[in-house]
Amino acid sequence: MEVKEGQPEFVYVYNGDTRLASLLLGKGDKVNVTSDTKGNYSVEGSEESAKLKQIEDEFASFMNDFASTVQSGDNVAASRKYVDYYRSRVRYVLDNNKSLTAIPVLYQKINEEFPVFSQPTDAVLFRGIHDSLFTVYPDSRYVTALGKEAERRLGVLSIEQRLQNAKEAGFPDMNLPGLDGASKKLSDVDSKVVMVYFWQASEAAHKMFNQDVLLPLYKTYHPKGFEIYSVSLDTDKGVWAS
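Since this is a predicted model, take the numbers as computed values, not measurements.

> Can you explain the packing of aromatic side chains? Please cite residues and give values.
For the coordinates displayed, the defined rule picks out 10 aromatic pairs. Plain terms: the ring middles of Tyr 82 and Phe 114 are 5.0 Å apart, the flat faces sit at 50° to each other, and that makes the pair tilted. Separated by 32 residues along the polypeptide, Tyr 82 in helix α2 (residues 75-95) and Phe 114 in strand β6 (residues 114-115) bring together distant segments of the chain. Overall, Tyr 82 belongs to the buried group, its relative accessible area being 12%. For Phe 114, a relative accessible area of 26% puts it in the partly exposed group. Measuring from ring centre to ring centre gives 6.3 Å for Phe 117 and Phe 126, while their planes differ by 80°; the resulting arrangement is edge-to-face.

Shown next, in the form of structure tokens:
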């Protein structure tokens, strides 16, 4: 692999499916790596590679400890371990805000649905680390990717803040007759969540959507307080009623 000036690369050494070593190498770096077949290794000659090994070892240790705590059923202790680890990772990336090793820390995941940095406000941290790294590695593809992720997270944060600050708004009420001819006002629907749905019985795609999507949705969530206020746009009552 060619390592260009100002663009260090993450290099992973494998033996089959077993990772033997993780390295972060700059142009001209010469390192000595000693590893066994299980992936226990040491590295000399690269401070950044040594940092990368450190953060990987710390993450592995946390994951083992966290998993055993979860399995024990002590959710309070598991939550405390996560919070402690999260805070330690915040400290690491702030203390190493001009080291590319901060990037894999920011992307650590407990599982696919649970990133270590999972709070909307983490977007500010992502932006800050990107801006610091950009002053040192403006041409790095890893820094570029981090910038895009920071922008994505800032967008999510903006939406969260707007939702939190949004004022409660009313809605235009409707009062329409049902199949039995009796009128039903939208404001009279007493449910936690009401979906207002406009459709046409004369449209085959709408009928398929009713059967394939809305009906299963209704069966699943109606017992929990979900209701659908369905408004037909048909002019032929017979088509709608059937």
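> Describe in detail the pattern of salt bridges, supporting the description with residues and values.
Counting across every chain of the model gives 12 salt bridges. For Glu 48, the salt bridge is made with Lys 51, and the minimal N-O distance between the two is 3.7 Å. Taken together, the positions of Glu 48 and Lys 51, both in helix α1 (residues 47-72) and 3 residues apart, correspond to about one turn of that helix. A salt bridge links Arg 152 to Glu 149; the shortest N-O distance between them is 2.8 Å. With a gap of 3 residues between them, Arg 152 and Glu 149 both fall in helix α5 (residues 141-165), about one helical turn apart. With relative accessibility at 46%, the residue Arg 152 sits in the partly exposed group. When its relative accessible area of 14% is taken as the criterion, Glu 149 is described as buried. Several salt bridges share partner residues, and in doing so they unite Arg 127, Asp 131 and Glu 151 into one network.

> Tell me about the nonpolar core, and please be specific about residues and values.
Val 93, Leu 100, Leu 106, Val 116, Phe 117, Ile 129 and Leu 133 are the most contacted members of the largest nonpolar core, which has 31 residues in total. Counting only elements with at least two residues in this core, the list comes to α1, α2, α3 (102-106), α4 (122-136) and α5. Among the elements that make up this core, the one with the highest residue count is α2 (7 residues). Discounting residues that sit within four places of it in the chain, Ile 129 has contacts with Val 93, Leu 94, Asn 97, Ala 102, Leu 106 and Leu 146. Counting 6 residues, the second-largest nonpolar core is a separate cluster that includes Trp 199, Ala 201, Leu 214 and Phe 226.

> Quick rundown of the packing of α4 against α5? Include the residues and the values.
Between α4 and α5, the shortest axis-to-axis distance is 8 Å and the interhelical angle comes to 155°. The orientation of α4 relative to α5 falls into the category roughly antiparallel. The element α4 and its partner α5 pack so that their crossing is left-handed. Contact residues: Asp 122, Ala 123, Val 124, Phe 126, Arg 127, Ile 129, His 130, Leu 133 and Phe 134 in α4; Val 143, Leu 146, Gly 147, Glu 149, Ala 150, Glu 151, Arg 153, Leu 154 and Leu 157 in α5.

> Any chance you could break down the pairing of strand β1 (residues 9-15) for me, citing the residues and the numbers?
Looking at chain direction, β1 and strand β2 (residues 18-25) are connected through 7 bridges and run antiparallel. Across the sheet, residue Asn 15 finds its bridge partner in β2, namely Thr 18. In textbook terms, the turn of a hairpin is the stretch between consecutive antiparallel strands, and for β1 and β2 this stretch comprises 2 residues, one of which, Gly 16, has a positive phi near 70°.

> Tell me about the layout of surface pockets, and name the residues and values.
Roughly 860 Å³ of volume is contained in the largest pocket. Trp 199, Tyr 229, Ser 230, Val 231 and Trp 240 are, among the 27 residues lining the largest pocket, the residues nearest its centre. The residue inventory of the lining of the largest pocket, partitioned by class, reads 14 nonpolar, 7 polar and 6 charged. Every residue lining the second largest pocket is counted, 14 residues in all, and those nearest its centre are Tyr 12, Arg 19, Leu 52, Glu 56 and Pro 104. Going through the elements one at a time, β1, α1 and α3 are the ones with two or more residues in the lining of the second largest pocket. Element by element, the count of residues in the lining of the second largest pocket is highest for α1, at 5 residues. Residues that form the lining of the second largest pocket fall into these classes: 11 nonpolar, 1 polar and 2 charged.

> Give me the lowdown on α2, citing residues and values where you can.
Taking 1.5 Å per residue, 21 residues should reach 30 Å; α2 reaches 30 Å between its end C-alpha atoms and fits that length. Among the residues of α2, Ala 77, Ala 78, Tyr 82, Tyr 85, Tyr 86, Ser 88, Arg 89, Val 90, Tyr 92 and Val 93 are the ones counted as buried. Here the buried face of α2 lies against α1, α3, β5 (109-111), β6 and α4.

Cut-offs and rules
Residues numbered from 1 in each chain as written. Predicted model: local features only at pLDDT ≥ 70, side-chain atom pairs only at ≥ 80, totals over all residues. Heavy atoms only, no water. Phe/Tyr/Trp six-rings, centres within 6.5 Å; stacked < 30°, edge-to-face > 60°. Helix = DSSP H or I, 4+ residues; strand = E, 2+ residues; numbered from the N terminus. Buried < 20%, exposed > 50% of the residue type's maximum accessible area, 1.4 Å probe, protein only. Salt bridge = Lys/Arg side-chain N within 4 Å of Asp/Glu carboxyl O. Core = buried A, V, L, I, M, F, W, Y, C linked by side-chain atoms within 4.5 Å. Contact = heavy atoms within 4.5 Å. Axes fitted to C-alpha atoms, helices over the stretch in contact; angles between N-to-C directions. Parallel < 35°, antiparallel > 145°, perpendicular 65-115°, else oblique. Left-handed = near helix turned anticlockwise from the far one by under 90°. Pairing = 2+ DSSP bridges. 1 Å grid on protein atoms, 1.4 Å probe; cavity = no way out; pocket = protein on both sides within 12 Å on 5 of 7 lines; lining within 4 Å. Points joined across faces, edges and corners; volume = space filled by probe spheres on them. Nonpolar A, V, L, I, M, F, W, Y, C, P; charged D, E, K, R; others polar. Expected span 1.5 Å × (residues − 1).

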